[in-house]
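Geometric and topological summary
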Amino acid sequence: MPLPAPRKKLSTPESVYLVEVIKGMFLTMSHVIKNIFDQDRFRTIEYPDMRKPMAARYRGAHRLTTRPDGKVKCVACMCCPTICPANCITIIAGEAADDPAEKFPVEFDIDMLRCIFCGFCVEACPKDAIRMDTKIYEINAYTRQDMVHNKSYMINLMDGVKPQAEDVYRSHPEQAPAGYTFDEKPVV
Ligand code: SF4
Ligand code: SF4
């Protein structure tokens, strides 16, 4: 049986409400006046020309790293889809033509609508093949299908396919997090 919630007994000025309304308006106006005369208090930035610097360990959109010869580092070991708690990684493995012992991902998809950005895939990878260091937080699309990031997209993510954080950091290095390093242009 539901219990009645205790209600605070209002004093006479509170029960009129007018005093409380005036107190609320006073608080609002005090913030307006402070912000007019002390604009450094503003927490807003001129997005998208300016971007909020994210913490060095911020987990942005995933990217796939490549070797110096341009091939993906991923060896399709299946560690990341196995550990992924959201079950949002799909990999189809294939054998390299020049070395049947070598595997690679023919397809590598991450459904970003299901990803919970736990970073387990990055932790589990024995090849440093997947990273979440892009600082990209605008992960959006017009269709659900476009929210599935594929291999090509994740290899080229930092290279202008969806120029976001890195492009801005190149033109505004002062906004890049401390110690941020830019990758060489990946070869597909
Ligand atoms: S961040 Fe977590 S949920 Fe997202 S793909 Fe990686 S393991 Fe899966
Ligand atoms: S990204 Fe890493 S953990 Fe995932 S399949 Fe490739 S090599 Fe394995």
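About the thresholds
Residues numbered from 1 in each chain as written. Chains lettered and ligands numbered in written order. Predicted model: local features only at pLDDT ≥ 70, side-chain atom pairs only at ≥ 80, totals over all residues. Heavy atoms only, no water. 1 Å grid on protein atoms, 1.4 Å probe; cavity = no way out; pocket = protein on both sides within 12 Å on 5 of 7 lines; lining within 4 Å. Points joined across faces, edges and corners; volume = space filled by probe spheres on them. Helix = DSSP H or I, 4+ residues; strand = E, 2+ residues; numbered from the N terminus. Buried < 20%, exposed > 50% of the residue type's maximum accessible area, 1.4 Å probe, protein only. Polar contact = N/O pair within 3.5 Å; in protein donor to acceptor, adjacent residues only side chain to side chain. Near = heavy atom within 4 Å. Sits in = over half its atoms within 2 Å of the grid points. pLDDT = per-residue confidence, 0-100. Pairing = 2+ DSSP bridges. Nonpolar A, V, L, I, M, F, W, Y, C, P; charged D, E, K, R; others polar. Phe/Tyr/Trp six-rings, centres within 6.5 Å; stacked < 30°, edge-to-face > 60°. Salt bridge = Lys/Arg side-chain N within 4 Å of Asp/Glu carboxyl O.

Counted by the stated rule, this structure contains three cavities of 30 Å³ or more. The volume enclosed by the largest cavity comes to roughly 100 Å³. Around the largest cavity sit 17 residues that line it, and C74, C77, C80, F108 and C125 are the ones nearest its centre. Elements supplying a minimum of two residues to the lining of the largest cavity: α3 (79–83) and α4 (120–124).

So, on to the side chain of N156. Tracing the backbone through its elements, the reader meets N156 in helix α5 (residues 151–156). Given a relative accessible area of 11%, N156 falls into the buried group. Side-chain polar atoms of N156 contact the backbone oxygen of S152, separated by 2.8 Å.

All right, on to the site of ligand 1 then. In the vicinity of ligand 1 lie 14 residues, with C84, C115, C118, G119 and C121 positioned nearest. Assessed atom by atom at 2 Å from the grid points, ligand 1 resides in the second largest cavity.

On to the confidence of the model for the protein, then. The predicted model of the protein averages 85 in pLDDT, with 85% of residues at 70 or higher. Looking over the protein, one finds the lowest element-wise mean pLDDT in helix α6 (residues 165–171), namely 65, and the highest in α3, namely 98.

Pairing in this open sheet of three strands is antiparallel, and the strands run β2-β3-β5 from one edge to the other. Either end of the sheet is taken by a strand with one partner, and the two such strands are β2 (89–96) and β5 (148–149). Across two bridges, the pairing between strand β3 (residues 99–111) and β5 is antiparallel. Opposite I110, over in β5, you have H149 as the bridge partner.

Another aspect to go through is the site of ligand 2. For ligand 2, the set of nearby residues contains 13 residues, the closest of which are C74, C77, M78, C80 and C125. Because more than half of its atoms lie within 2 Å of the grid, ligand 2 is assigned to the largest cavity. The class makeup of the residues in the shell around ligand 2 is 13 nonpolar, no polar and no charged.

Moving on, we come to the packing of aromatic side chains. Aromatic rings in a pair are described by how distant their centres are and how their planes are angled relative to each other. Evaluation of the coordinates by the stated rule reveals one aromatic pair. Judged by centre distance (6.5 Å) and plane angle (85 degrees), the ring pair of Y58 and Y137 falls under edge-to-face. Pair noted here: Y58 is in the loop between α2 (18–37) and β1 (63–64) and Y137 is in the loop between β4 (130–131) and β5, with a separation of 79 residues, a long-range link. A relative accessible area of 28% places Y58 in the partly exposed class. Classification of Y137 as partly exposed rests on a relative accessible area of 28%.

Moving on: the pattern of salt bridges. Taken as a whole and judged by the stated rule, the model has seven salt bridges. The partner of D133 in a salt bridge is R63, with the nearest N and O atoms 2.8 Å apart. Here the residue D133 occupies a position in the loop between β4 and β5, and R63 occupies one in strand β1, the gap between them amounting to 70 residues. Take D133: its relative accessible area is 26%, and that puts it in the partly exposed class. Note that D133 is salt-bridged to R131, the shortest N-O span being 3.8 Å. Given the relative accessible area of 24%, R131 is considered partly exposed.

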